[in-house]
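# Architecture at a glance
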Amino acid sequence: MVECQQSANISVLDLPDIFVISVFKLFSMKQRLQLANVCKKWNSLVKDASLWTILDFRDNKNEINLDDITKTILLYGNESSKQLFITGNYSYHFRHKTDEKVNTRLVDLDAHFIKNVLSFKCSKIHKIVLEYLDLSALTLQDFSLLKELKIFSFKWCNFSRNFFNTDDKSESGVEQFFLIKSGSLTLDDVKTICFKMPCLHTLCINQAQSSINDDSIHYLVTHLINLERLELTNTLISDIGIQSICKSPHLAKKLKFLNISMSSCLTNSCLNLLSEHLSCLKSLYLTSCFGISNVKLLQNFVNLSYLNLNNTSIEREKIRESLLPVLPKCEIDFGHEKMLNRKLMWTINGSRNCVCSF
């Protein structure tokens, strides 16, 4: 009876600290900040370094501002913080084009934040993902203090024209670089990327009205000899650019993933080059490459495990009759339908509804 009464008097505050911290790890960063306001003990436990290996501000979205980000990182950031995610006001990109009176604007990051906040508290951070932000006050050189940085990603961010201009001659250890709908690259910018990030094994460039052309591709593949994954989406690359990729002795041995979607200048000639020289290629994306129409040339990709032919000029019947029997182990994605081993699987919103054999 006494034991039951004692058990009834035990509250959540009496739980061991290590157990409470383990539970806190199940919550998002935004929720942990709210838990810090419950009581003094929880406020102290929330500061445990193991809870802040990932600084994720994606939950805040439209409510986010630089002051709140700065305060959070100064209070909770530490040497154990390895990843940073910041997503700004994504609606800005779509609303400001139709409504000139809209007051919303992108959250802007400045050099003070990078140098005196992020690099000061989280010097060992190795992954940064920035989305829907105004980076016009920053340059690539401002991130040079983050010596441990390995993964660098920008999506729908505003850059100044001088973002890639830098006097810093030192090389970084960045291994993965993603530039999606951000800024407008020039050949000089490409040269800077190659010089500053010689260790890249993943490069993703997706830009509307991109100025990336065959000259840029030639420079890229000549200097980035460790590339295993290359995405050049919505660029001006032609068969000449593909030829530069195929002639690289380094890429011929290492390149496993190639995405050249929405490259309107490509023709069937590039297929011969790719199948002949890139024997290590496992995934190939040709989405919206309308100049690709010869299904027989695709039969040479015997080592592929994934092939994306969405929105190309190739008819589905030709894929079923001429390609599937030759590439039985290759998953072929066509018209948002996936074909594998002579079966057609319709997928809607990522869920499989039915499977039909031919």
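In short, a report on the structure.

Reading the values: the criteria
Counting starts from 1 at the beginning of each chain's written sequence and moves along it residue by residue. For this predicted model, a pLDDT threshold of at least 70 governs which residues receive local features, and a threshold of 80 or more governs which side-chain atom pairs are given and counted, while totals over whole chains, interfaces and linings are taken from all residues. Excluded from the side-chain calculation are hydrogens and water; included are all heavy atoms of the structure. By the criteria applied, helices consist of DSSP H or I runs no shorter than four residues and strands consist of E runs no shorter than two, each listed in order from the N terminus. Throughout, exposure labels follow a simple rule: accessible area from a 1.4 Å probe, protein chains only, divided by the maximum for the residue type, with under 20% read as buried, over 50% as exposed, and the rest as partly exposed. By definition in these notes, contact holds between two residues if any of their heavy atoms fall within 4.5 Å. An axis is simply a line fitted to the C-alpha atoms; with a helix, the fit covers only the stretch in contact. Between two such axes, the angle follows the N-to-C directions and lies from 0 to 180 degrees. When describing relative orientation, an angle under 35 degrees is termed roughly parallel and one over 145 degrees roughly antiparallel, while 65 to 115 degrees is termed roughly perpendicular and anything else oblique. We call Asp, Glu, Lys and Arg charged. Ala, Val, Leu, Ile, Met, Phe, Trp, Tyr, Cys and Pro are nonpolar, and the rest, Gly among them, are polar. Each pair of strands is called paired provided DSSP finds at least two bridges between the two strands. Whether a crossover is right-handed comes down to one check: with the strands pointing away from the viewer, does the path from the first strand over the helix to the second run clockwise; if it does, it is right-handed. Pairs were defined over the aromatic rings of Phe, Tyr and Trp, the Trp ring being its six-membered one, requiring ring centres within 6.5 Å. Orientation was assigned from the angle between planes: stacked under 30 degrees, edge-to-face over 60, tilted for the rest. By definition, being over a ring means that NZ of Lys or CZ of Arg is both within 6 Å of the ring centre and within 35 degrees of the ring normal. The sense of a crossing depends on the near helix, which, turned anticlockwise from the far helix by less than a right angle, makes the crossing left-handed and, turned clockwise, makes it right-handed. Counted as salt bridges are all cases of a side-chain nitrogen of Lys or Arg within 4 Å of a carboxyl oxygen of Asp or Glu.

## Comments concerning the environment of S80
- Structurally, S80 can be placed in the loop between α5 (66-76) and β2 (83-87).
- With relative accessibility at 31%, the residue S80 sits in the partly exposed group.
- Along the chain, S80 and I54 lie 26 residues apart, while their C-alpha atoms are 8.7 Å from each other.
- In this view, S80 contacts A49, W52 and T53; residues no more than four positions away in its chain are not counted.

## Here we look at the environment of F290
- Of note, F290 is situated in the loop between β11 (283-285) and β12 (306-308).
- On the basis of relative accessible area, F290 is assigned to the exposed category, the value being 53%.
- Separated by 19 residues in sequence, F290 and L309 have C-alpha atoms that sit 9.8 Å apart.
- Discounting residues that sit within four places of it in the chain, F290 has contacts with N311 and S313.

## Brief notes about the environment of I18
- For I18, the position within the fold is in helix α2 (residues 17-24).
- By relative accessible area, I18 is classed as exposed at 68%.

## Section: helix α7 (residues 111-121)
- Every buried residue of α7 is accounted for by F113, I114, V117, L118 and S119.
- Residues of α7 that are buried in the fold lie against α5, β2 and β4 (127-131).

## Regarding the packing of helix α9 (residues 214-223) against helix α10 (residues 239-247)
- Packing of α9 against α10 leaves a shortest axis separation of 8 Å and a crossing angle of 5 degrees. What the angle tells us is that α9 and α10 run roughly parallel. Contacts between α9 and α10 involve D214, I217, H218 and V221 on the former and, on the latter, I240, G241, S244 and I245.
- For the contact of α9 with α10, the residue count by class is 4 nonpolar, 3 polar and 1 charged.

## Some words on the pairing of strand β13 (residues 331-334)
- Two strands pair when backbone bridges link them, and β12 and β13 are joined in this way by 3 bridges, in the parallel orientation. Paired with L307 across the strands is I332, a residue of β13.
- Of the crossover connections in this fold, the one passing from β12 over helix α13 (residues 316-323) to the parallel β13 is right-handed.

## Focus: the side chain of D189
- Inspection of the secondary structure puts D189 in helix α8 (residues 187-196).
- Ignoring anything within four residues of it in the chain, the contact list for D189 reads F164, N165 and S184.

## Some remarks on the packing of aromatic side chains
- What the rule picks out here adds up to 14 aromatic pairs.
- Arranged with centres 4.9 Å apart and planes meeting at 70 degrees, the rings of F143 and F152 form a pair that is edge-to-face.
- A relative accessible area of 2% places F152 in the buried class.
- Every member of this aromatic cluster is reached through a ring pair, and the members are F143, F152, F154, F159, F163, F164 and F177.
- Taking NZ or CZ as reference, R229 lies 3.8 Å from the ring centre of F257, over its face.

## So, the packing of α5 against α7
- Contact geometry for α5 and α7: axes closest at 9 Å, N-to-C directions at 30 degrees. When the interaxial angle is binned, α5 and α7 end up roughly parallel. Handedness of the α5/α7 crossing: left-handed. Within the contact between the two elements, α5 uses L66, I69, T70, I73 and L74 and α7 uses F113, V117, L118 and K121.
- Class assignment for the residues of the contact of α5 with α7 results in 7 nonpolar, 1 polar and 1 charged.

## Re the pairing of strand β8 (residues 202-206)
- Most of β8 sits out of view: 5 of its 5 residues are buried.
- Here β8 shows a buried face lined by T202, C204 and N206 and a second buried face lined by L203 and I205.
- Across 5 bridges, strand β7 (residues 176-180) lies against β8 in parallel orientation. The residue bridging F178 from the neighbouring strand is C204, located in β8.

## Comments concerning the pattern of salt bridges
- In the structure shown here, the tally under the stated rule is 5 salt bridges.
- In this structure, K115 engages D142 in a salt bridge whose closest nitrogen and oxygen atoms are separated by 3.8 Å. Pair noted here: K115 is in helix α7 and D142 is in the loop between β5 (133-134) and β6 (151-155), with a separation of 27 residues, a long-range link.
- Two residues, R229 and E231, come together in a salt bridge whose shortest N-O distance is 2.9 Å.

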